[in-house]
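Summary of the model geometry
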Amino acid sequence: MFRTALLRSARSATSQAVRISGTIARPSLSSSVVTKSRFAPSAFQAARCYSAAAGLSKTEVEGRIVDLLKNFDKVSDASKLSPTSHFSNDLGLDSLDTVEVVMAIEEEFSIEIPDKEADAIHSVDKAVEYILSQPDAH
Amino acid sequence: MSTKQAVSSLYRRSLKLALDWSVHRHLWRGQAMYIRSLFEANKHIRDPRQQRALFQEAEDLLEKWKHPDPYHAPTAPGGSKFERNLPAPILDPPPHIQM
């Protein structure tokens, strides 16, 4: 019984091995003809890679920044929160609060804002504009 | 640079430095509140000479606690992913040469 089982498995193994080697051998014959046309650069760019940046839409960035400010306890009047509101004039934040908000935005979009550009962000639309100009923000 | 800008720059740099040392945001939060209280304590000082002394003191503290390996976002200059996967400069194939 064992002998027949061994023989059967050996036979199936050899037949599979032959079949596999056949399939491997086949493309190597025609590859020199096919590959040139198949791997043109235009065909590669058609599909988006998994590592590629997805890009952010403007409404999404605005929504995330407004949500962030909604949870910020020093905002005096939450009803004035809009995509155009100014941090100090509309929301009643002082200059140090503005610094904290900018740091929170940095964390939210996982980017690093240089000090000079961070000083220029005083309103929600400025922040949205900056985030949209950064390809690394996500 | 006005005093307000100088103070917010100092505040931002101290927060960044605190974040470098305490990597996690939940640990950093308490330190940020402490730094905020230090800044609030000297809020009403109007004398320029006293202000200058305070600025100098803060700068000295920042220099003293400077981090040897500060955190950079991966895609920022100095980060581990900075200028990775740049687009190839030339995508057109070279012209075909007839021998």
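About the thresholds
Here the residue numbering is sequential within each chain, running from 1 through the sequence in written order. Working convention: letters from A go to chains and numbers from 1 go to ligands, in the order in which they are written. Only residues with pLDDT of at least 70 are given local features in this predicted model, and only at 80 or more are side-chain atom pairs given and counted; all residues enter the totals for whole chains, interfaces and linings. In computing side-chain values, all of the structure's heavy atoms are included and hydrogens and water are not. UniProt positions are given in the numbering used here, feature names are shortened, and annotations may be inferred rather than shown by experiment. Elements are defined by DSSP. Helices are runs of H or I of four residues or more, strands are runs of E of two residues or more, and each kind is numbered from the N terminus. For each residue, the accessible area found with a 1.4 Å probe, counting protein chains only, is set against the maximum for its type, and the residue is called buried under 20%, exposed over 50%, and partly exposed in between. Contacts were defined at the residue level, with two residues in contact if any of their heavy atoms lie within 4.5 Å. Two parts lose some accessible area (1.4 Å probe) when they are put together, and adding that loss for both gives the buried area. Any carboxyl oxygen of Asp or Glu that lies within 4 Å of a side-chain nitrogen of Lys or Arg is treated as forming a salt bridge with it. Counted as a polar contact is a pair of N or O atoms within 3.5 Å, where, for protein atoms, one must be capable of donating a hydrogen and the other of accepting one, and residues adjacent in sequence contribute only when both atoms are in side chains. Classification used: nonpolar for Ala, Val, Leu, Ile, Met, Phe, Trp, Tyr, Cys and Pro, charged for Asp, Glu, Lys and Arg, polar for all others including Gly. Each Phe, Tyr or Trp ring, with Trp reduced to its six-membered ring, pairs with another whose centre is within 6.5 Å; inter-plane angles below 30 degrees give stacked pairs, above 60 give edge-to-face pairs, and intermediate values give tilted ones. Throughout this description, the term charge over a ring refers to an Arg CZ or Lys NZ atom that lies within 6 Å of the ring centre and within 35 degrees of the ring normal. The predictor's confidence in any single residue is recorded as pLDDT, a number from 0 to 100.

Named according to an unreviewed UniProt entry, chain B is NADH dehydrogenase [ubiquinone] 1 beta subcomplex subunit 9 originating from Mollisia scopiformis. Under the UniProt heading Subunit (unreviewed entry), the entry covering chain B gives this text: "Mammalian complex I is composed of 45 different subunits."

An unreviewed UniProt entry lists chain A under the name Acyl carrier protein, from Mollisia scopiformis. According to its UniProt record, chain A has this under Sequence similarities (unreviewed entry): "Belongs to the acyl carrier protein (ACP) family."

Quick notes on the overall build of chain A
Of regular secondary structure, chain A possesses six helices and zero strands. Secondary structure elements in chain A, listed N-terminal to C-terminal, are α-α-α-α-α-α. A burial count over chain A gives 26% of its 138 residues as buried. In chain A, of all internal contacts separated by at least 6 residues, the share reaching a separation of at least 24 is 52%.

Regarding the interface of chain B and chain A
How big an interface is tends to be reported as the loss of accessible area on association of its parts. On the side of chain A, 19 residues touch chain B, which itself brings 21 residues to the contact. Of all residues in chain B, Arg-12, Arg-25 and Arg-36 of chain B bury the most surface against chain A, accounting for 36% of the area lost on that side. A salt bridge links Glu-107 of chain A to Arg-25 of chain B; the nearest nitrogen and oxygen atoms lie 3.9 Å apart. On inspection of chain B and its partner chain A, the count reaches 11 residue pairs in polar contact (both at pLDDT 80 or more). For the side of chain B that touches chain A, the element with the highest residue contribution is helix H1 (residues 3-21) of chain B, accounting for nine residues. Tallied by class, residues from the side of chain B that touches chain A come to 10 nonpolar, three polar and eight charged.

Examining the packing of aromatic side chains
Residue and element names in this part refer to chain B. What the rule picks out here adds up to two aromatic pairs over all chains. Residues Trp-21 and Trp-65 carry aromatic rings whose centres are separated by 6.4 Å and whose planes lie at 85° to one another, so their mutual orientation is edge-to-face. Taken together, the residues Trp-21 in helix H1 and Trp-65 in the segment after helix H3 (48-64) connect sequence positions 44 residues apart. Given the relative accessible area of 44%, Trp-21 is considered partly exposed. By relative accessible area, Trp-65 is classed as partly exposed at 47%. Over the face of the ring belonging to Trp-28 we find Arg-25, whose NZ or CZ atom lies 5.1 Å from the ring centre.

With respect to the environment of Asp-97 of chain A
Within the element layout of this structure, Asp-97 of chain A appears in helix H4 (residues 95-109). When its relative accessible area of 4% is taken as the criterion, Asp-97 of chain A is described as buried. When near neighbours in sequence (up to four residues on either side) are disregarded, Asp-97 of chain A contacts Phe-72 and Lys-74 of chain A together with Arg-36 of chain B.

Points about the environment of Asp-90 of chain A
Residues and elements named next belong to chain A. Note on placement: Asp-90 falls in the loop between helix H3 (58-70) and H4. When its relative accessible area of 27% is taken as the criterion, Asp-90 is described as partly exposed. Measuring from C-alpha to C-alpha, the distance between Asp-90 and Asp-115 comes to 23 Å, with 25 residues separating the pair along the chain. In contact with Asp-90, other than residues within four places in its own chain, are Lys-80, Thr-84 and Ser-85.

Side note on the UniProt feature "domain: Complex 1 LYR protein" (unreviewed entry) in chain B
In the UniProt entry, the feature "domain: Complex 1 LYR protein" (unreviewed entry) is given for residues 5-63 of chain B. Between the end C-alpha atoms of residues 5-63 of chain B the distance is 19 Å, and the span holds 85% helix and 0% strand.

Concerning the confidence of the model for chain B
Low pLDDT means the predicted coordinates in that region are not meant to be read closely. Summing up the model confidence of chain B, the mean pLDDT is 91 and the portion of residues at 70 or higher is 100%. Across the whole predicted complex the pTM is 0.71, and at the interface the ipTM reaches 0.82.

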